[in-house]
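Spelled out from the first residue to the last, the chains are:
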Amino acid sequence: DRGPVEGPRSLDCQGADENTQWFPLRDVWQALVAGDGLDRIFALERIPAGHHTITAIDLGVRPTDVADPTAIVTIICNPQGRRRILWIDAGKWRGTEIIDKALEHHRRYQSIIWVETNGAQEFLRQQLAERPLWDPRNPGKRYVAPVRSFTTTGQNRIDPRFGIQSLAAEMGTAAWQIPNRGAGKCDATGDNLITVELDYEIREMIGEALSWSPEAHTGDRLQALWIAREGSRTFNTVETGHKPRGT
C-alpha cells in the first residue's frame, strides 16, 4: 500500500513540476498563508500550556567547503497538532560549535533536542547529553538538556505516512505555520514566492523542499525539519507514554 501521500506520484516518471513534484508549491503555500504575518521567535519566556518545543539537528561534522552544513531547526507544536517554525540555523561548524549552538536553542526554547545519530555522529549526541548547564529557574543548580536519538534509514526517510514527503501533505492542510510576510496576499507561484518576505534559512529550506525527491540527497534544513516533526509526532509516546498522533 503506497498510502495517501505517495499515491500515484511514485508511479509518475515525468519531470518535477507543480503536478508531479513531491512538494508541490501549492502545499507549501498553505503553510505560508497560515504563517503570514508571523515573525520568527528568538526565545520563549515559557512554553504555553499544552505545547511542546523540539530542536532537531541534521549533522555535517566536517567544516570544509565541500561538506554539507549542519542545520538546527526548532519548532513548537500546539495541543491541536499544528506546528510552527520558530528558528532555523545552518552553517559549517566544528563539533564544539554544533554543541554550543544546539544547547543555545535548548536554552532559548526549553526544547527537547533530537539529533541524528547515524554512525560517527553518535559521539555528538553523547556530548550534548553530558554537558552540564546552569538552570535559570533554580539558581545554583545544574542539569543536562534532554537529548533523544534519531536514526535515519532508507525506509523511514521515504515512508509514505511519516517520511519526508509526508510533510508536504501536512503543509497542504495548513498543519504548519511558516513565518513570513505577504504570502496571504498573492497566489502560489514561483514569481510570487520571490516577493514574499522570508528569513534566509527558511527560504533555503523551502527551496530544498520544492526540489526534493526520494532519489536525491535531502537538503539539511529540510532533513532537520523532518527530524523535528518526528520528535514532535512521537512526543506523547517518548515523553509521556501516550500513543502518538497518526498511528
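Above: the structure in question.
As a starting point, this report considers the structure included with it. (Residues numbered from 1 in each chain as written. Predicted model: local features only at pLDDT ≥ 70, side-chain atom pairs only at ≥ 80, totals over all residues. Heavy atoms only, no water.)

### Some details on the nonpolar core
Okay, step 1: Within the largest apolar cluster, 41 residues are counted, with the highest numbers of intra-cluster contacts made by F23, L32, I85, I178, I206 and L225.
Okay, step 2: Among the secondary structure elements, those contributing two or more residues to this core are α2 (25–35), β1 (52–58), β2 (70–77), β3 (83–91), β4 (112–116), α6 (166–172), α8 (200–210) and α9 (220–233).
Okay, step 3: Leave out the neighbours within four places in its chain, and I206 touches V28, L32, I178, L193 and L198.
Okay, step 4: With 15 residues, the next largest nonpolar core counts W93, I113, L124 and L133 among its residues. (Core = buried A, V, L, I, M, F, W, Y, C linked by side-chain atoms within 4.5 Å. Buried < 20%, exposed > 50% of the residue type's maximum accessible area, 1.4 Å probe, protein only. Helix = DSSP H or I, 4+ residues; strand = E, 2+ residues; numbered from the N terminus. Contact = heavy atoms within 4.5 Å.)

### Focus on the pattern of salt bridges
Okay, step 1: Following the criterion strictly, the structure yields 11 salt bridges and no others.
Okay, step 2: In this structure, the salt-bridge partner of D39 is R181, at a minimum N-O distance of 2.7 Å. Remark: R181 occurs in the loop between β8 (176–177) and α7 (190–195) and D39 occurs in the loop between α2 and β1; sequence separation between them is 142 residues.
Okay, step 3: Residue D39 is classed as partly exposed on the basis of its relative accessible area of 45%.
Okay, step 4: On the basis of relative accessibility, which here comes to 37%, the residue R181 falls in the partly exposed class.
Okay, step 5: The partner of R108 in a salt bridge is E104, with the nearest N and O atoms 2.9 Å apart. On the criterion of helical spacing, the pair formed by R108 and E104 is a turn pair, its members being four residues apart in helix α3 (residues 95–109).
Okay, step 6: Through salt bridges with shared partners, one network takes in R83, E170, R229, E230 and R233. (Salt bridge = Lys/Arg side-chain N within 4 Å of Asp/Glu carboxyl O.)

### Points about the side chain of R83
Okay, step 1: Take R83: it is sitting in strand β3.
Okay, step 2: The class for R83 is buried, based on a relative accessible area of 5%.
Okay, step 3: A polar atom in the side chain of R83 sits 2.8 Å from the side chain of S232.
Okay, step 4: Look past the residues within four positions of R83 in its chain and what remains in contact with it is I75, I76, C77, E170, A175, W176, Q177, R229, S232 and R233. (Polar contact = N/O pair within 3.5 Å; in protein donor to acceptor, adjacent residues only side chain to side chain.)

### Structural notes on the environment of S111
Okay, step 1: With respect to the helices and strands, S111 occurs in the loop between α3 and β4.
Okay, step 2: Between the C-alpha atom of S111 and that of V147, which follows or precedes it by 36 residues, the distance is 9.3 Å.
Okay, step 3: Ignoring any residue separated from it by four or fewer positions in sequence, one finds S111 in contact with T53, I54, T55, H105, H106 and P146.

### What about the packing of α8 against α9?
Okay, step 1: Contact geometry of α8 with α9 gives a least axis separation of 7 Å together with a crossing angle of 90°. Comparing the axis directions of α8 and α9 gives the class roughly perpendicular. Here E201, E204, M205, E208 and A209 of α8 come into contact with α9, specifically with D220, R221, L222 and L225.
Okay, step 2: Split by residue class, the contact of α8 with α9 holds four nonpolar, no polar and five charged. (Axes fitted to C-alpha atoms, helices over the stretch in contact; angles between N-to-C directions. Parallel < 35°, antiparallel > 145°, perpendicular 65-115°, else oblique. Nonpolar A, V, L, I, M, F, W, Y, C, P; charged D, E, K, R; others polar.)

### Section: the packing of aromatic side chains
Okay, step 1: Scanning the entire structure with this criterion turns up four aromatic pairs.
Okay, step 2: Taken together, the ring pairs in this structure connect W22, F23 and W212 into an aromatic cluster.
Okay, step 3: Here R142 stacks its cationic end above the ring of W134, 4.0 Å away from the centre of that ring.
Okay, step 4: In this structure, R233 is placed above the aromatic ring of F162, and the distance from its NZ or CZ to the ring centre is 3.7 Å. (Phe/Tyr/Trp six-rings, centres within 6.5 Å; stacked < 30°, edge-to-face > 60°. Lys NZ or Arg CZ within 6 Å of the ring centre and 35° of its normal.)

### As for the pairing of β2
Okay, step 1: Within β2, eight of the eight residues are buried, which leaves the element mostly enclosed by the surrounding structure.
Okay, step 2: Where burial is concerned, the two faces of β2 agree: the one with T70, I72, T74 and I76 and the one with A71, V73, I75 and C77 are both buried.
Okay, step 3: Bridge analysis of β1 against β2 gives seven bridges, and the strand direction is antiparallel. In the sheet register, I54 faces β2, and the bridge partner there is I75.
Okay, step 4: The pairing of β2 with β3 spans eight bridges and is antiparallel. Bridge pairing in β3 places T70 opposite G91.
Okay, step 5: The antiparallel pairing of β2 with β3 creates a hairpin that spans five residues between the two strands, and G81 there sits at a positive phi of about 90°. (Pairing = 2+ DSSP bridges.)

Fair warning: the whole summary comes from geometry, so function is off the table for now.
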